[in-house]
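The residues making up each chain are set out below.
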Amino acid sequence: MTLAPARQPDKVSVPETREKRSRADTAFQAIVGGCSLIVLIALGGLVLLMGVGGQEAFRTFGLGFTFRNVWNPVANDYGAWAPLFGTIVSTLIGVLIAMPLAFGTAFWLTAIAPPKVAAVVGTAVQLLAAVPSIIFGMWGFFTIVPFMARHVQPFMMHNFRHVPGINLLIHGAPFGTGLMTAGIVLAMMIAPFMTAVMRDVFSAMPGMLRESAYGLGATRWDVMWKVVVPWSRTGMIGATVLGMGRALGETMAVTFVIGNVTSVGWSLFAPRSTVASLIALQFPESPAGSLRLSSLLALGFILMLLSFASLSLARMLRKDRK
Amino acid sequence: MSDMTTSSSGWAPNANGARRRRTDKLATLLGMIAAGILVLVLTSILWTLLSRGVTGLSAAALMKPMGPPGSGGGLANAIIGSLIQTFLALLIATPLGLGCGIYLSEYGNRQNRFASCVRFVSDVLMSVPSILVGLFVYQILVAPFGHFSAFAGSVALAILAVPIIVRTTEDMLRLVPIAMREAGAALGATRWRVTLFLCLRSAKTGVLTGILLALARVSGETAPLLFTSLGNQNWSFSLNRPMASLPVTIYQYAGASYEDWVQLAWAGALLVTMGVLAINIAVRLSARRG
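Keep in mind the model is a prediction, meaning the values are calculated, not measured.

Definitions and cut-offs
- Residues numbered from 1 in each chain as written.
- Chains lettered and ligands numbered in written order.
- Predicted model: local features only at pLDDT ≥ 70, side-chain atom pairs only at ≥ 80, totals over all residues.
- Helix = DSSP H or I, 4+ residues; strand = E, 2+ residues; numbered from the N terminus.
- Rg over C-alpha atoms; globule rule 2.2 N^0.38 Å.
- Contact = placed C-beta atoms within 7 Å.
- UniProt positions renumbered as here; feature names shortened; annotations may be inferred.
- Axes fitted to C-alpha atoms, helices over the stretch in contact; angles between N-to-C directions.
- Parallel < 35°, antiparallel > 145°, perpendicular 65-115°, else oblique.
- Left-handed = near helix turned anticlockwise from the far one by under 90°.
- Domains from an automatic or database assignment.
- Nonpolar A, V, L, I, M, F, W, Y, C, P; charged D, E, K, R; others polar.
- Expected span 1.5 Å × (residues − 1).
- Bend = angle between axes of the 7 residues up to and from the residue.
- Buried ≥ 20, exposed ≤ 12 C-beta atoms within 10 Å, placed from the backbone.

1. Re the overall build of chain B
Argument step 1. Within chain B one finds 13 helices and zero strands.
Argument step 2. When the elements of chain B are put in sequence order from the N terminus, they spell out α-α-α-α-α-α-α-α-α-α-α-α-α.
Argument step 3. Against the globule reference of 19 Å for 290 residues, chain B gives a C-alpha radius of gyration of 25 Å, more extended than a compact globule.
Argument step 4. For the C-alpha atoms alone, the extent of chain B along its principal axes is close to 70 × 65 × 35 Å.
Argument step 5. Nonlocal contacts in chain B, meaning residues at least 24 apart in sequence, comprise 72% of its contacts between residues at least 6 apart.

2. Let's talk about the UniProt feature "transmembrane region" (unreviewed entry) in chain A
Residue and element names in this part refer to chain A.
Argument step 1. Summarizing the sequence annotation, UniProt attributes the feature "transmembrane region" (unreviewed entry) to residues 27-52, 80-113, 125-148, 168-191, 252-271 and 291-314 in the numbering used throughout.
Argument step 2. With 100% helix and 0% strand, the stretch residues 27-52 has end C-alpha atoms that lie 35 Å from each other.
Argument step 3. Helix makes up 94% of residues 80-113 and strand 0%, and the two end C-alpha atoms of the span are 46 Å apart.

3. As for the packing of helix H4 (residues 81-112) of chain A against helix H2 (residues 17-56) of chain B
Argument step 1. Remark: H4(A) packs on H2(B), axes separated minimally by 7 Å, with the N-to-C direction vectors making an angle of 110°. Viewed along their axes, H4(A) and H2(B) adopt a mutual orientation that is roughly perpendicular. Taken as a pair, H4(A) and H2(B) cross one another with a handedness that is left-handed. Residues Pro100(A), Leu101(A), Gly104(A), Thr105(A), Phe107(A), Trp108(A), Leu109(A) and Ile112(A) of H4(A) touch H2(B), and the partners they reach there are Thr28(B), Leu30(B), Gly31(B), Met32(B), Ala34(B), Ala35(B), Ile37(B) and Leu38(B).

4. As for the interface of chain A and chain B
Argument step 1. In this complex, chain A contributes 83 residues to the contact, which on the side of chain B involves 84 residues.
Argument step 2. Sorting elements by how many residues they give to the side of chain A that touches chain B places helix H2 (residues 18-53) of chain A first, with 20 residues.

5. Some remarks on the domain arrangement of chain B
Residue and element names in this part refer to chain B.
Argument step 1. Segmenting chain B into domains produces domain 1 (16-56) and domain 2 (60-289).
Argument step 2. Computed over C-alpha atoms, the centres of domain 1 and domain 2 are 32 Å apart.
Argument step 3. Facing seven residues of domain 1, the contacting portion of domain 2 comprises eight residues.
Argument step 4. In the side of domain 1 that touches domain 2, the residues fall into three nonpolar, three polar and one charged.

6. Describing the UniProt feature "domain: ABC transmembrane type-1" (unreviewed entry) in chain B
Argument step 1. The UniProt record marks residues 79-283 of chain B with the feature "domain: ABC transmembrane type-1" (unreviewed entry), using the residue numbering of this structure.
Argument step 2. The distance separating the terminal C-alpha atoms of residues 79-283 of chain B is 22 Å; by composition the span is 77% helix and 0% strand.

7. With respect to the UniProt feature "transmembrane region" (unreviewed entry) in chain B
Argument step 1. Per the UniProt record, "transmembrane region" (unreviewed entry) is found at residues 26-50, 75-104, 124-142, 148-166, 194-216 and 264-283 of chain B.
Argument step 2. Summarising residues 26-50 of chain B: 100% helix, 0% strand, and an end-to-end C-alpha distance of 35 Å.

8. Focus on helix H8 (residues 179-203) of chain A
Residue and element names in this part refer to chain A.
Argument step 1. Taking 1.5 Å per residue, 25 residues should reach 36 Å; H8 reaches 35 Å between its end C-alpha atoms and fits that length.
Argument step 2. At Ile190, H8 shows its strongest bend, of approximately 30°, with the proline Pro192 following within four residues.
Argument step 3. Here H8 lies mainly inside the structure; 21 of its 25 residues are buried.

Set out below in structure tokens:
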């Protein structure tokens, strides 16, 4: 690094006309600009092709395709509501579980844990964020699903069967798969990611504010709740929304544990399906040009819009803060 | 800041000392539990992988190609297939990502509409569900040619890798002090030379980190490969044909009802996870030393 400037003179001392040099610069700018253009086209093409591919489904069923609760390959009749419902509910469950987990972990790591312990635990959390999603799926399938089937669901049935309202939510045979299981696995996937973002947000706060509060005699929780949280509220919401975006499009982990039944209902323990899992499962058996394929692409288009919306929201919040 | 003043107006730190200390203890406990849960999940995943994966991880599993259930097949073709597709993906993604990152940091100031557009798109691509990338590549590289191919799989992986490389390259180049660029220019170096031989060179470690992180992210991806490289039971080195890959094999085998297939799935899962975690740990260690 230090050598580079020293060596530079004999490299550039080769006589070059000004024109030649500016031409090289223009070419360089064109090349890197071209790379950027390709990236731009890639996303444009992605959105466009989803839309075009799903056109037939939207033409056949109208915009109401989004809210039709039917997915019947035999009758060739499709609607997006069942998988969309599964996606939204499993994501909500995941975010609701992940948010306190991520907040608690970030709080503990930034304010309480001794530096050495925080370094180890922080690394563990970051490694958890790097574990591929299919591994979460397998882990969920072989550990969470049996646990839900043998312990959680029987327990819920035994204790809450007669409580009005709750009995609707826990109704169903104890398969272990379902929205709740998917939500839990999603939470474990997105919580480490959200923790990392929240940690960054917390430590971006000027130390002076924190120290002033401590100086006034505040406890660590006081500092967290009355100083850090108000200061970093938008950043925290941004982290949550980013995590939500990940949960929305997650495929492999969910496919393993959600049970893959296209239906809608109150029960959180019944097998359902999500947009991404339905695409993963049914795409291979959908012939090219069929209405089913088009419906799957239309689903993809809706999912794209959802994830786009959540990202835009996260970006808006981030800009707000600056 | 306005938040602070409003919340502090109703706040008297010296009141209710005992209650505040209790709340603090409770919050500390809850925070520790939250961190504990995440660590527990990681341990549980690693433990499950090790206890179930090691038994299937024999020399035969690593050397033999996949086979029908009960025939003593292995994972060799899937491992090689994964390596080929991942490295081809990096080969495509690295120059593109570097170029785009250089453009954004060197030419993409705030006034540049095109650059902020590209930056936004790259952000979107980073968070786009990976299965949609698979669908997209299916439509442009599989459907028109009428067959699945390893090349399509690599392109799908490359699309996922590019935004990560773009982001780290841009961030790292922005960290290079402006004085370095000025020094180069003062010596009469052209802009492209300054960028490539001064800035990129001094940001080398960071840029490499980005490429490695992209590699880690991409090597565990399953969804984009399902509709592109599809998977293959046999040896295949042709980029023009379906090719096996570890994640897809895991996906196919884990749900199977044959004991030996499930065991191979666990062995494969162990391999993938160890690979991904090893890259991550290596990156972290080198970052600490740098």
